[in-house]
Amino acid sequence: MGHTQSKPQSEFEIHAGCLIKYHGKDEHVIIPENVTSIGEKAFYLYKSLKSVTIPEGVTSIGAHAFKGCRSLKSVIIPEGVERIDGDAFRSCTSLTEIKLPKGIKIIDKGAFQHC
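Sequence positions are assigned chain by chain, starting from 1 and proceeding in written order. Where local features are concerned, this predicted model is filtered to residues with pLDDT of at least 70; where side-chain atom pairs are given and counted, the filter is 80 or more; whole-chain, interface and lining totals use all residues. To obtain the side-chain values, all non-hydrogen atoms of the structure were included, while hydrogens and water were left out.

Pairing between strands requires that DSSP locate at least two bridges from one strand to the other. Strands are runs of DSSP state E lasting at least two residues, helices are runs of H or I lasting at least four, and both sets are numbered from the N terminus onward. Read from one edge of the open sheet, 4 strands run S3-S5-S7-S9, paired in parallel fashion. Both outer strands of the open sheet, strand S3 (28-30) and strand S9 (97-99), are each paired with one neighbouring strand and no more. Going from strand to strand, the sheet's axes swing by 10° on average, the running direction of each strand aside. Pairing between strand S7 (residues 74-76) and S9: 3 bridges, direction parallel. When the bridges of S9 are listed, Val 75 appears paired with Ile 98. An axis is simply a line fitted to the C-alpha atoms; with a helix, the fit covers only the stretch in contact. Between two such axes, the angle follows the N-to-C directions and lies from 0 to 180 degrees.

Written out as structure tokens, the structure is:
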């Protein structure tokens, strides 16, 4: 009975607001509201990821965070994200749509290379 609530939360390894790693198997992932940053390699080489919902409140996306997510088709990055680190979305070869916030300050080298 209680497994429906606890299972999704256990799929996310979060430390001090930073999403360290996603351990689930979903194709469509909704990152929890309490996350303020997406850490380095959080979804690295997660080939079955098709979409991700990044919540308001996230301010940065770490290096290699979504690198190699070959099935990822579209990403909406919410207002408040100020930094996308190097190679964050590198080699996301199916990525055809990305919406960036107006207030973004840094898109580091290679963030969208080979997309």
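Moving on from the model shown.
Pairing analysis gives 4 bridges linking strand S1 (residues 12-15) to strand S2 (residues 18-22), with the strands arranged antiparallel. Bridging from a neighbouring strand, Ile 14 pairs with Leu 19 of S2. Where S1 hands over to S2, the hairpin turn is made up of 2 residues, of which Ala 16 adopts a positive phi near 50°.

So, on to the pattern of salt bridges. Definition used for salt bridges: Asp or Glu carboxyl oxygen within 4 Å of a side-chain nitrogen of Lys or Arg. Taken as a whole, this structure holds 5 salt bridges when the rule is applied. The salt bridge partner of Arg 83 is Asp 85, with a shortest N-O separation of 2.3 Å. Residue exposure (1.4 Å probe, protein chains only): buried if accessible area is under 20% of the type maximum, exposed if over 50%, otherwise partly exposed. Judged by relative accessible area, Arg 83 falls into the partly exposed class, the value being 33%. Its relative accessible area of 18% is what places Asp 85 among the buried residues. We note a salt bridge from Arg 90 to Asp 87, for which the minimum N-O separation is 3.3 Å.

Next up on the list: the packing of aromatic side chains. By convention, a stacked pair of Phe, Tyr or Trp rings (six-membered ring in the case of Trp) has centres within 6.5 Å and planes under 30 degrees apart, an edge-to-face pair has planes over 60 apart, and any other such pair is tilted. Scanning the entire structure with this criterion turns up 7 aromatic pairs. Their ring planes at 50° and their centres at 5.1 Å tell us that Phe 12 and Tyr 22 sit as a pair that is tilted. With Phe 12 in strand S1 and Tyr 22 in strand S2, the pair connects residues that are 10 residues apart, well separated along the chain. With relative accessibility at 10%, the residue Phe 12 sits in the buried group. Among the aromatic residues, those joined into a ring-pair cluster are Phe 12, Tyr 22, Phe 43, Tyr 46, Phe 66, Phe 89 and Phe 112.

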